Amino acid sequence: MKLLLHEIRRNPLLWLLVFVPIALAAEKLDHEAHTLHFVLSVLAILPLAVLLSHATESVAAKTGDSVGGLLNATLGNLTELVIAIAALQAGQYMLVKASVAGAIVTNSLFMLGASFLLGGLRYHVQEFNRIAARFQAGLLFLATIALLIPSAVAAHDSLGAGDLTKTLSFAISILLLLAYGLGLWFSLNTHRELFAGAAGEHEAAWPIGLALATLAGVTVLVALVSEVFVGSVQYAATAFGMSPAFVGFIVVALVGAAAEMAAAFSAARKNRLDLSVSIALGSAAQIALFVAPVLVLLSYLIGPAPMDLNLWPGAVAMILLTTSGRSAWFVGVLAIMVYLIFATALYLLPSSGAR
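Reading guide: rules and limits
Residues numbered from 1 in each chain as written. Predicted model: local features only at pLDDT ≥ 70, side-chain atom pairs only at ≥ 80, totals over all residues. Heavy atoms only, no water. Helix = DSSP H or I, 4+ residues; strand = E, 2+ residues; numbered from the N terminus. Polar contact = N/O pair within 3.5 Å; in protein donor to acceptor, adjacent residues only side chain to side chain. Core = buried A, V, L, I, M, F, W, Y, C linked by side-chain atoms within 4.5 Å. Buried < 20%, exposed > 50% of the residue type's maximum accessible area, 1.4 Å probe, protein only. Contact = heavy atoms within 4.5 Å. Phe/Tyr/Trp six-rings, centres within 6.5 Å; stacked < 30°, edge-to-face > 60°. pLDDT = per-residue confidence, 0-100. Patch = residues over 30% accessible without salt bridge, like charges linked within 9 Å, V, L, I, M, F, W, Y side chains within 5 Å. Areas by Shrake-Rupley, 256 points an atom, 1.4 Å probe, with all protein chains shown as cover. Salt bridge = Lys/Arg side-chain N within 4 Å of Asp/Glu carboxyl O.

**As for the side chain of K270**
By secondary structure assignment, the location of K270 is in the loop between α10 (258-269) and α11 (273-302). At 3.1 Å, the side chain of K270 forms a polar contact with the side chain of S266.

**Some thoughts on the nonpolar core**
Core analysis: the largest hydrophobic core is formed by 101 residues, its most contacted members being I104, M111, F229, V277 and L295. Ranked by residue count, the leading element in this core is α11, at 15 residues. Those residues in contact with F229 that sit more than four places away from it in its chain are F38, S41, V42, I83, V251, V252 and V255.

**Regarding the packing of aromatic side chains**
Applying the stated rule across the entire model yields nine aromatic pairs. With a centroid separation of 5.7 Å and an interplanar angle of 35 degrees, the aromatic rings of Y180 and F290 are classed as tilted. With Y180 in helix α7 (residues 161-190) and F290 in helix α11, the pair connects residues that are 110 residues apart, well separated along the chain. Since its relative accessible area comes to 33%, F290 is described here as partly exposed. Judged by centre distance (6.1 Å) and plane angle (25 degrees), the rings of F249 and F342 are stacked. One end of the pair, F249, is in helix α9 (residues 244-256); the other, F342, is in helix α12 (residues 329-348), with 93 residues separating them in the sequence. The exposure class of F249 is buried, given its relative accessible area of 1%. In this structure F342 comes out as buried when scored by relative accessible area, which is 15%. Here the aromatic residues F38, F229 and F240 are joined through ring pairs into a cluster of three or more.

**Focus: the confidence of the model for the protein chain**
Counting all residues, the mean pLDDT for the protein chain is 78, and 84% of those residues have values of 70 or more. Mean pLDDT across the elements of the protein chain ranges from a minimum in strand β2 (residues 326-327), with 66, to a maximum in helix α2 (residues 19-29), with 90. In the predicted structure, residues 198-202 sits below a pLDDT of 50 and forms eleven contacts with residues beyond four places in sequence or in another chain. The model gives residues 317-324 a pLDDT under 50, and that stretch makes 21 contacts with residues more than four places away or in other chains.

**Describing the environment of I8**
Tracing the backbone shows I8 in helix α1 (residues 2-10). Put simply, I8 and L51 are 43 residues apart on the chain and 8.8 Å apart in space, counted from C-alpha to C-alpha. Apart from the residues lying within four places of it in its own chain, the contact partners of I8 are L14, W15 and L17.

**Observations concerning a nonpolar patch on the surface**
Together, F170, I174, Y300, L301 and I302 line one region of the surface with nonpolar side chains, adding up to about 460 Å² of accessible area. Residue assignment for the nonpolar patch shows that the elements contributing at least two residues are α7 and α11. The greatest single-element share of the nonpolar patch, amounting to three residues, is contributed by α11.

What follows is the structure, encoded as structure tokens:
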């Protein structure tokens, strides 16, 4: 506890932890102040992301970057999963699909690009494990094909696309979950030596017990604050003049990825680009191959109707970065520019255009 309190006193951003109880209390006291709830929940998620970052880096120092990146992606994606499940129960399938596609693009473009930029501003050239990066890119390629097929089938109304698309999406979800499980077995067991990260700068790591306890506690708090965020985001979007597509694809994705971003950016600044790439691409692949299929299966249990994987064409235009194992700051700029083009188009897109 002394180490945790010392970290809170040392890092001014962690002083925002005061907004965690404030956000939870405000939601109980005034259910109608949606814009206020939105702002408070965002302010509460940010310091929780920093704590998650430090705890995950401490675990990564003990287990290696591949396992550390997987752990961070898993816990970070809990936010996206909670947001999507709440929207799923409300039947807001467009928001669910937009948040899933947006999370994939945000992680593979913005998070990875910003990591390259931040690391490149401090180090002239950075090295990372190209085998691991290509492995994650391969998983994303599989996910892109899986998302394209239902969209292509749904485009042919003569095929009775409604029922066919739902059945196809269900089958593809099972296959994606199988591929994700086999990918974990490959990277963490049979060929784990190929995914070993290079040595880099390390801060003094927390004891493993404190790190794991912090991870567990912060995960619960993120889930609770995310509930407040879900309940207010649509109303806040209307107040701020944002389209539903922009809310799901950009806003929900950025807030949901705050935890992973804090860890990825911090690792890049410490010349631990292996961990940054593992978090960014690993999180994107996990959302595509685990979160999205799970949401399709859950829609049969908690949704008003089964959900399919039919996304509008713009959401399926995933950008896969072919990496050579080296990076400089301008590579990050290019990735961020592509992401900003997505964001600009979606902000200007009328509500009826995101079907």
